[in-house]
Amino acid sequence: MMDFEFLINKVKEKKLISLTGKAYPYLKALKTIRNKVHLHIIRFANDTDYVSINEYDYLMARYMLYTILRDDVFKPNDETVLNFIKLSSEEHTKLKEEIERRKS
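Note that the coordinates shown come from a computational prediction; the quantities given were computed from them, not determined experimentally.

(A) Up close: the packing of helix 3 (residues 55–69) against helix 4 (residues 89–103). At their nearest, the axes of helix 3 and helix 4 sit 10 Å apart, and the two run at 115 degrees to each other. Taken together, the axis directions place helix 3 and helix 4 in an arrangement best described as roughly perpendicular. Two packed elements cross with a definite hand, and for helix 3 against helix 4 that hand is left-handed. Contacts between helix 3 and helix 4 involve E55, Y56, L59, M60, R62 and Y63 from the former and E91, H92, K94, L95, E98, I99 and R102 from the latter. In terms of residue class, the contact of helix 3 with helix 4 is made up of six nonpolar, one polar and six charged.

(B) How the structure looks around the layout of surface pockets. Empty space within the largest pocket amounts to approximately 300 Å³. Looking at the largest pocket, it is lined by 13 residues, and the ones nearest its centre are F4, V11, I17, L27 and I68. Among the secondary structure elements, those contributing two or more residues to the lining of the largest pocket are helix 1 (4–14), helix 2 (24–37) and helix 3. Counting residues per element, the lining of the largest pocket draws most heavily on helix 1, which supplies four residues.

Thresholds applied
Here the residue numbers are simple positions, counted from 1 along each chain's written sequence. In keeping with the predicted nature of the model, local features appear solely for residues at pLDDT of at least 70, side-chain atom pairs appear and are counted solely at 80 or more, and the whole-chain, interface and lining totals rest on all residues. Where side-chain values are given, they derive from all heavy atoms of the structure, hydrogens and water being excluded. Axis definition: a line fitted to C-alpha atoms, limited for helices to the stretch in contact. Angles are taken between N-to-C directions and run from 0 to 180 degrees. Elements are defined by DSSP. Helices are runs of H or I of four residues or more, strands are runs of E of two residues or more, and each kind is numbered from the N terminus. Angles below 35 degrees are treated as roughly parallel, those above 145 as roughly antiparallel, those between 65 and 115 as roughly perpendicular, and all remaining angles as oblique. Note on convention: the crossing is left-handed when the near helix lies turned anticlockwise from the far helix by less than a right angle, right-handed when the turn is clockwise. The contact criterion used is simple: two residues touch if any of their non-hydrogen atoms lie within 4.5 Å. For this classification, the nonpolar set comprises Ala, Val, Leu, Ile, Met, Phe, Trp, Tyr, Cys and Pro, the charged set comprises Asp, Glu, Lys and Arg, and every other residue, Gly included, is treated as polar. Within this scheme a cavity is a closed region of a 1 Å grid, computed over the protein atoms alone, that accommodates a 1.4 Å probe without allowing it to escape, whereas a pocket is open but has protein on both sides within 12 Å along at least five of seven lines; lining residues each have an atom within 4 Å of a point. Grid points are joined across faces, edges and corners, and a volume is the space filled by probe spheres set on the points.

Spelled out as C-alpha cells, the structure:
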C-alpha cells in the first residue's frame, strides 16, 4: 500500500512537479498537518489532533497546496479557481518569519 511518505519520495525522486529542493521538507510538514486532520471515527469531542492545529499549520498547508496545484503538471488554466487558498502578502510574511524562527 502506498502511503503519503512513499508518494512524497516518488515525487521528489522522479521530479514529478517543479518544486525546488528546498520545498520538499515542507511536503513532509504537509504530511504532519494532514495527519492532524485525517478523518477517523471519534468517540469524544476532543478525540482528534485537529484541536492542535495552529496558524502556522494552517498557513503552511494552504501555501503548499497552492504551490503544488499551480504546477504545470496539473495544467491550471484559471488562477482564480485556487485563489481561495493563496496566501495574502501578510500571511506569506508571517509564514516566512515562522519558518525562520523554527530554523533557529
